[in-house]
Amino acid sequence: MKTVRAIRELRAELDPSRRVGLVPTMGAFHAGHLSLFRAARAECDVVVVSLFVNPTQFGAGEDLDRYPRSEEGDARLAEEAGVDVLFAPTVAELYPDGFGTWVDVEETGAEGAARPEHFRGVATICLKLFNIVRPDLAYFGQKDARQAAVLRRMIRDLDLELELRVLPTVRDADGLALSSRNAYLSQEEHDRALALPRALEAGRSAHLRGSDPVEAAKAALNGLEPDYVELVD
Ligand code: PAF
């Protein structure tokens with residue numbers, strides 16, 4: 001596996017006649033990332049993983065400074081999963097002085113309302129990565145459901161020539177979705193967070209019974225106060 005930091009170097013590395021898969025990430029790899037790497041490995045000639053903690057998708061007061069960073073361990077895991085190229089640019093490489101062009105996707109739902117500017121940062125960095133890597137396929141996790149929907153809309157609206165693959169959420173043995181940010185949780189917080197998968201399950205069962213899934217999910221939250229509970233297609 002080769003690690004590259006410059007856009008020029010990455011472009012020189014890639015052969016446009018081959019089927020390229022891109023997995024955009026912010027690092028701190030867990031089994032959810034590895035499932036994306038393996039899926040890309042199975043259907044692409046060349047697998048590129050980007051590792052970039054994208055500052056523009058963090059709001060004021062969010063965790064940009066303490067977001068888990070572990071490039072050495074990540075590189076080892078990516079190599080073991082068969083990744084060909086790890087693209088780990090600096091902030092200045094992707095946002096040079098004077099940067100001022102943004103992608104604003106409409107309809108970002110309750111999550112967009114709770115995190116103003118988050119999806120503008122996500123869409124902008126993903127479009128940049130798609131332009132830099134020119135992948136045939138790009139891989140994301142269903143855990144970030146609204147992100148996947150926003151990117152699907154951007155690909156459609158801007159006529160981008162790539163396919164989106166959205167893979168199932170990977171959960172730990174207790175049922176909590178794996179997330180790099182789970183590293184912040186104490187054991188007690190982890191145990192409390194288990195109300196989230198239970199609430200989702202309660203919502204699903206309520207829907208199957210014909211009752212209100214949002215109310216059922218809220219009732220199963222066991223004192224947790226999420227930013228929103230929303231039913232979307
Ligand atoms: O899902 C993530 O890790 C990030 O939002 C992404 C897609 C890599 C963009 O920075």
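> Go over the overall build of the chain, please, and point to the residues and values.
Along the chain, the regular secondary structure elements total 10 helices and six strands. Overall size of the chain, expressed as C-alpha extent along the three principal axes, is 55 × 35 × 35 Å. Across the 233 residues that make up the chain, the buried fraction comes to 45%. For the chain, restricting intrachain contacts to residue pairs at least 6 apart in sequence, the fraction spanning at least 24 positions comes to 74%. When the accessible surface of the chain is split by element, carbon and sulfur atoms take 47% of a total near 12800 Å². Charge-centre separation for the chain: the mean point of 28 positive side chains lies 2 Å from the mean point of 39 negative side chains.

> How would you summarise the environment of Gly112 if you had to cite specific residues and measurements?
Relative to the helices and strands, Gly112 is located in helix H5 (residues 109-114). In this structure Gly112 comes out as buried when scored by relative accessible area, which is 11%. A sequence separation of 30 residues divides Gly112 from Gln142, and the C-alpha atoms of the two residues are 17 Å apart.

> Break down helix H2 (residues 31-43) for me, with residues and values.
Given 3.6 residues per helical turn, the α-helix brings residues three or four places apart onto the same face. Taking 1.5 Å of rise per residue, 13 residues should cover 18 Å, and H2 covers 19 Å from first to last C-alpha, within 8% of that figure. Along H2, the residues classified as buried are Gly32, His33, Leu34, Leu36, Phe37, Ala39 and Ala40. Summarising the contacts, the buried residues of H2 are in contact with strand E2 (20-25), strand E3 (46-51), helix H3 (71-80), strand E5 (137-141) and strand E6 (163-167).

> Break down the environment of Phe99 for me, with residues and values.
For Phe99, the position within the fold is in the loop between helix H4 (91-94) and H5. According to the relative accessible area criterion, Phe99 is partly exposed, its value standing at 26%. In sequence terms Phe99 and Asp84 are 15 residues apart; their C-alpha atoms lie 29 Å from each other. Non-local contacts of Phe99, meaning those with residues more than four positions away in its chain, are made with Leu94, Thr124 and Lys128.

> Talk me through the nonpolar core; I want residue IDs and the actual numbers.
Of all hydrophobic cores here, the largest spans 33 residues; its most connected members are Leu10, Val48, Phe87, Phe130 and Met154. For this core, the elements supplying multiple residues, two or more each, are helix H1 (7-13), E2, E3, strand E4 (85-87), helix H6 (118-133), E5 and helix H7 (145-157). Element by element, the count of residues in this core is highest for H6, at 10 residues. Those residues in contact with Met154, other than ones at most four positions away along the chain, are Val103, Val105, Ala123, Cys126, Leu127, Phe130 and Leu160. One finds Val47, Ala78, Ala81 and Tyr139 within the second-largest nonpolar core, a separate group that totals 20 residues.

> Go over the site of the ligand with me, naming the residues and quoting the values.
In the vicinity of the ligand, the residues found are Pro24, Thr25, Met26, Asn54, Gln57, Ile125, Cys126, Phe140, Asp144 and Gln147. Note that an oxygen atom of the ligand is positioned 2.6 Å from one of the side-chain N or O atoms of Gln57. For the ligand, whose accessible area on its own is 290 Å², the fraction buried by protein is 88%. Within the residue set of the shell around the ligand, elements represented by two or more residues are E2 and H6. For the shell around the ligand, a count of residues per class yields five nonpolar, four polar and one charged.

> Would you mind going over unusual backbone geometry in detail, with residue names and values included?
The backbone phi angle of Arg134 is positive, close to 50 degrees, even though this residue is not glycine. Structurally, Arg134 is set in the loop between H6 and E5. A relative accessible area of 60% means that Arg134 is categorised as exposed. In this model, Asp159 sits at a positive phi of 55 degrees, which is unusual for a non-glycine residue. Relative to the helices and strands, Asp159 is located in the loop between H7 and E6. Residue Asp159 is classed as exposed on the basis of its relative accessible area, which comes to 64%.

Cut-off values and rules
- Residues numbered from 1 in each chain as written.
- Predicted model: local features only at pLDDT ≥ 70, side-chain atom pairs only at ≥ 80, totals over all residues.
- Heavy atoms only, no water.
- Helix = DSSP H or I, 4+ residues; strand = E, 2+ residues; numbered from the N terminus.
- Buried < 20%, exposed > 50% of the residue type's maximum accessible area, 1.4 Å probe, protein only.
- Contact = heavy atoms within 4.5 Å.
- Areas by Shrake-Rupley, 256 points an atom, 1.4 Å probe, with all protein chains shown as cover.
- Lys, Arg positive; Asp, Glu negative; His and termini not counted.
- Charge placed at Lys NZ, Arg CZ, Asp CG, Glu CD.
- Expected span 1.5 Å × (residues − 1).
- Core = buried A, V, L, I, M, F, W, Y, C linked by side-chain atoms within 4.5 Å.
- Near = heavy atom within 4 Å.
- Polar contact = N/O pair within 3.5 Å; in protein donor to acceptor, adjacent residues only side chain to side chain.
- Nonpolar A, V, L, I, M, F, W, Y, C, P; charged D, E, K, R; others polar.

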